[in-house]
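# Commentary on secondary and tertiary structure
For reference, the chains in residue letters:
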There are 2 protein chains.
Amino acid sequence: MGRKRRTGGRNAKSGRSGSGIIQLARRQVINPYQPIELANPDQIQKLHDTSMRILSELGIRVMSDRVMDIFEAAGASVDRGTSIIRLDESIVMEAVTKAPGKFTLTGRNPNKRLTIGGSNICFGLVAGPPNVHDRVNGRRDGNLADYENFIRLAHHFNAIDIIGNQVVSPMELPANNRHLDTYFANLTLSDLSFHCTGIGRGRALDGIRMMAISRGITVEAMRSDPGVITIISVNSPRLFDDAMAEGLITMAEHGQPVTVTPFTLMGAMTPVTLAAALAQQNAEALFGLALTQLVNPGAPVMYGAFTSNVDMRSGAPAFGTPENTKANMIAGQLARRYGLPYRTSNANASNAVDLQAAYETGMSTWGAVLGGGNMIYHAAGWLEGGLTASYEKFILDVEIIQNMTEFLRPVSFTEDELGFEAIKSVQTGGHFFGAQHTMDRYETAFYRPMLSDWTNYENWEAAGAQEAIERATLLWQRALEEYQEPPLDDSAREELDAYVAKRKEEIGDAEP
Amino acid sequence: MGRKRRTGGRNAKSGRSGSGIIQLARRQVINPYQPIELANPDQIQKLHDTSMRILSELGIRVMSDRVMDIFEAAGASVDRGTSIIRLDESIVMEAVTKAPGKFTLTGRNPNKRLTIGGSNICFGLVAGPPNVHDRVNGRRDGNLADYENFIRLAHHFNAIDIIGNQVVSPMELPANNRHLDTYFANLTLSDLSFHCTGIGRGRALDGIRMMAISRGITVEAMRSDPGVITIISVNSPRLFDDAMAEGLITMAEHGQPVTVTPFTLMGAMTPVTLAAALAQQNAEALFGLALTQLVNPGAPVMYGAFTSNVDMRSGAPAFGTPENTKANMIAGQLARRYGLPYRTSNANASNAVDLQAAYETGMSTWGAVLGGGNMIYHAAGWLEGGLTASYEKFILDVEIIQNMTEFLRPVSFTEDELGFEAIKSVQTGGHFFGAQHTMDRYETAFYRPMLSDWTNYENWEAAGAQEAIERATLLWQRALEEYQEPPLDDSAREELDAYVAKRKEEIGDAEP
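Residues numbered from 1 in each chain as written. Chains lettered and ligands numbered in written order. Predicted model: local features only at pLDDT ≥ 70, side-chain atom pairs only at ≥ 80, totals over all residues.

A few words on the nonpolar core. By size, the foremost hydrophobic cluster in this structure holds 335 residues, and its most contacted members are Val 167 and Ala 290 of chain A together with Val 167 and Ala 290 of chain B. When neighbours within four sequence positions are excluded, Val 167 of chain A is seen to be in contact with Leu 125, Val 126, Ala 127, Tyr 147, Phe 150, Ile 151, Gly 381 and Ala 389 of chain A. (Core = buried A, V, L, I, M, F, W, Y, C linked by C-beta atoms within 7 Å. Buried ≥ 20, exposed ≤ 12 C-beta atoms within 10 Å, placed from the backbone. Contact = placed C-beta atoms within 7 Å.)

Here it is in structure tokens:
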């Protein structure tokens, strides 16, 4: 399914009046409202102070001499015996202050340039699952064919702004060079920006170079107009590994944005309390962000947060919980305190695309959006706490994102919209179906969902009583049929092909 | 199932450490955060001004001479030919200003006294569906046995604060006296306050009197300590019927709270634009609320809102939409402008307890809570746009309410919670499972859901791969088994029995 290549076709965008699956037109989503603040300024200060104590008294352990050198040059206390770096507040804050509050990200379609920061929101495809699932074919190992299908879906649906780091791992491909195949798929099957794998220098550089090729510009030119981004995790508590540090440094050197996201499950990688988890996460994130600015002052960054709780009976991670939602919101307050764009997520922990998947995702989506998230990562397709990329979940999530996007569209209060004359024109107890005011607007007055079914029970039953999950299956199948590959210059495609072939030869059995 | 009567047993509350279904302890939910404001003060003023024009220039049509008399005495312009009442702003605002900003509601258990207004939130059982559904027995007409089961569930789950007006219509009982049987069930199977049917004087009076009997106090005494509440609908646009007016007047005369809720579907009962719908809804609500204060100045009231959109292709109502969510929030701003407690809802339009039901309900719940709702009506069990009361949906909704309740619990930032020493105690890259700080708190640190399953995929699959909908069925069945009837004085029960018998004889074939 969906492997046919159609180049040069019209864009796959379907408007309200177009054929194909009904969806919202692509637009940069803006949150016009104030983010919710769960912590008062005094409490945010307490978090900050605790983070500063963690950095200055306890420190962060690193696995890289280069990172120690960089921090030592900046005046940090570096213990070469334990590999622990301790940073005073002044060093951290001086570095972090150099990061921009906003940056752009441009894939090979400049019309889809993203601005990340301020009140802008971008939604990213799920990233990282080793497994894939759909209701037709069941659960299976990640593989390139499914990888490509998800890229097609991300390209087809306007709700998706960016591709994450490997929507699903193509497990049949060699681990040391599969990033080349996934970058190639990202760049040929979609025209979106994407996340590079930040494990080591080679994978980051390949992403930077391949994006530059597809855009027909130099790596040097992409320095002032970034094209790819990465997420650097921290091995919480307080451990920063070598490969991730190299990925971070490579991206920062090239002016490509870096997100630093500690993966902090309360009770496991942090203390069990939310305040402690946030203080530790904040310390770890600021450490990584300071490193980017020591490498390349002014390099674009995002403050990343991924704090949730675990099931204390089993240790299993939980997402879309009340604690996760609060963490998403307070982390946003911290990001804004430092004037940084904020990356968060709207995850869930369900094993199936069921009620739990929907209410947990709803909860975490509100937390992410109202928490002031600028990049909502894993926003479509995440299942099983991130262990599976799900086709039906992708459709559910696009519907949730579209609902949220429409919620964020400001209400108009013009005289015409206030409708006094329309109200006057209908008698008491009458109806407005045929009113001119209605006729003028009914086609575009309301958001039209793709997944919801609002027919009455009798008609719904007569039509087969399809539940939403069944409709979701039909929708991703149909989207793959409607998908049209975005045109790419033959020369760029050849150059990408050649790059991948050359790099695979270079890498051989080694790490890239 | 569940029909056994156990009087005098312990309360059915199950704490974290109790046996039975895990649930949160009962508490008055408080929203500690500022409600979201989608409209600025200038826009709220425009809505107000438009509403005042609707009331003064277009007016509201009433079917009752008594209502015309009351408004005429207050100085309104009453056109006896068309039955249209026109109200100047001064009359409306002078009346509405007399209503209290907060009131209490006390069923027969004074420990469950509700305070309605301010930042308090109450969640009510679904009300009004003609049909009932569960996955074991399918969809069927409403009946008393199911009615009673839902009252048991509402009593069993601490998340439910109040019983709405007829959770499901017992269709096998005579329409003119079935309210007596439902009030009797409310008062014997639960100890919660409930909504009277506000259609005419008799039904309202019966509710007031039966609640007074069950509390062992006089109707006169209940005037200063209200026990029941009602919701008065408006036949939008701008029509106020006779029976509803009589219900409203009866409740207000007796000092029992009245909610006035225009049922306004945009494009059908109001213009298709949100601003116009809100202006019209506001005018209609204020008209009814003014009437309560003209009847009994200072009588407790709630500002009710129920504005959503319709599917413009079929005319079918939609809920949990972006427009519904915005309406919920802006109506809350209007209620607060007038200093009134606010009733809203968290409805959905799905025909099945499926993904759509979950994401629509999630959306409308956030709108209701962040919109500053004081009474969230239909909060548990609503399906099919209100045409069916669903057992599984009830369980889903209790889970959603509990998640929201926990989200609203403020985060603590004490030194101990900030956990510096705990962070210090764990080495870099280690874990906190065994830390003393964790051990001291792990049992109560996180909200423990009843419906979510967080086991890993392999264990979940080995245990039968139960989806949330299947777990929901088991949960309502188990709750009905665990349910314990709240003790009631034999004398009060006998008096209630006698009251019902006497009234059925009095009513005969007539309207009550």
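In this assembly, 96 residues from chain B lie in contact with 96 residues from chain A. A total of eight residues in the side of chain B that touches chain A trace back to one element, the largest contributor, which is helix α11 (residues 355–370) of chain B. Split into classes, the residues belonging to the side of chain B that touches chain A amount to 52 nonpolar, 27 polar and 17 charged. (Helix = DSSP H or I, 4+ residues; strand = E, 2+ residues; numbered from the N terminus. Nonpolar A, V, L, I, M, F, W, Y, C, P; charged D, E, K, R; others polar.)

Note on the identical chains: chain B maps onto chain A by a rotation of 180° and an axial translation of 0.0 Å, with an RMSD of 0.0 Å. On the angle and the small slide along the axis, the relation comes out as a two-fold axis. (Least-squares fit on C-alpha atoms with pLDDT ≥ 70 in both.)

Quick look at the sheet that holds strand β9 (residues 138–141) of chain A now. Residues and elements named next belong to chain A. Spatially, four strands are ordered β9-β8-β20-β19 in an open sheet, and the strand pairing comes out mixed. The open sheet has two edge strands with one neighbour each: β9 and β19 (382–383). Sheet topology places β19 next to strand β20 (residues 388–390); two bridges connect them, and they run antiparallel. Looking across to β20, one finds that Trp 382 is bridged to Ala 389. (Pairing = 2+ DSSP bridges.)

Residue and element names in this part refer to chain B. The alternating pattern of strand β5 (residues 102–105) places Phe 103 and Leu 105 on a buried face, while none of Lys 102 and Thr 104, on the opposite face, is buried. In this structure, β5 lies alongside strand β6 (residues 114–117), joined through four bridges in antiparallel fashion. Bridged to Phe 103 within β6 is Ile 116.

Take the packing of helix α11 (residues 391–407) of chain A against helix α16 (residues 468–482) of chain A next. Working note: a packed helix pair is described by the angle between its axes plus the distance between those axes. Residue and element names in this part refer to chain A. The interhelical angle for the contact between α11 and α16, taken along N-to-C directions, is 95°, at an axis separation of 8 Å. In terms of axis orientation, α11 runs roughly perpendicular to α16. Residues Tyr 391, Glu 392, Phe 394, Ile 395 and Leu 396 of α11 lie in contact with α16, whose contacting residues are Ile 469, Ala 472, Thr 473, Leu 475 and Trp 476. For the contact of α11 with α16, the class distribution of residues is eight nonpolar, one polar and one charged. (Axes fitted to C-alpha atoms, helices over the stretch in contact; angles between N-to-C directions. Parallel < 35°, antiparallel > 145°, perpendicular 65-115°, else oblique.)

Of note, the amide linkage connecting Ser 236 of chain A to Pro 237 of chain A takes the cis form, showing an omega dihedral of 0°. Of note in this structure, Gln 166 of chain A is not a glycine but carries a positive phi near 60°. Tracing the chain through its elements places Gln 166 of chain A in the loop between β10 (162–163) and α5 (178–189). Taking the number of C-beta atoms within 10 Å as the measure of exposure, Gln 166 of chain A has 26 and is therefore buried. One non-glycine residue, Ala 465 of chain B, adopts positive backbone phi at about 50°. Mapped onto the elements, Ala 465 of chain B comes out in the loop between α16 (457–462) and α17 (468–482).

Keep in mind these numbers describe shape, not what the thing actually does.
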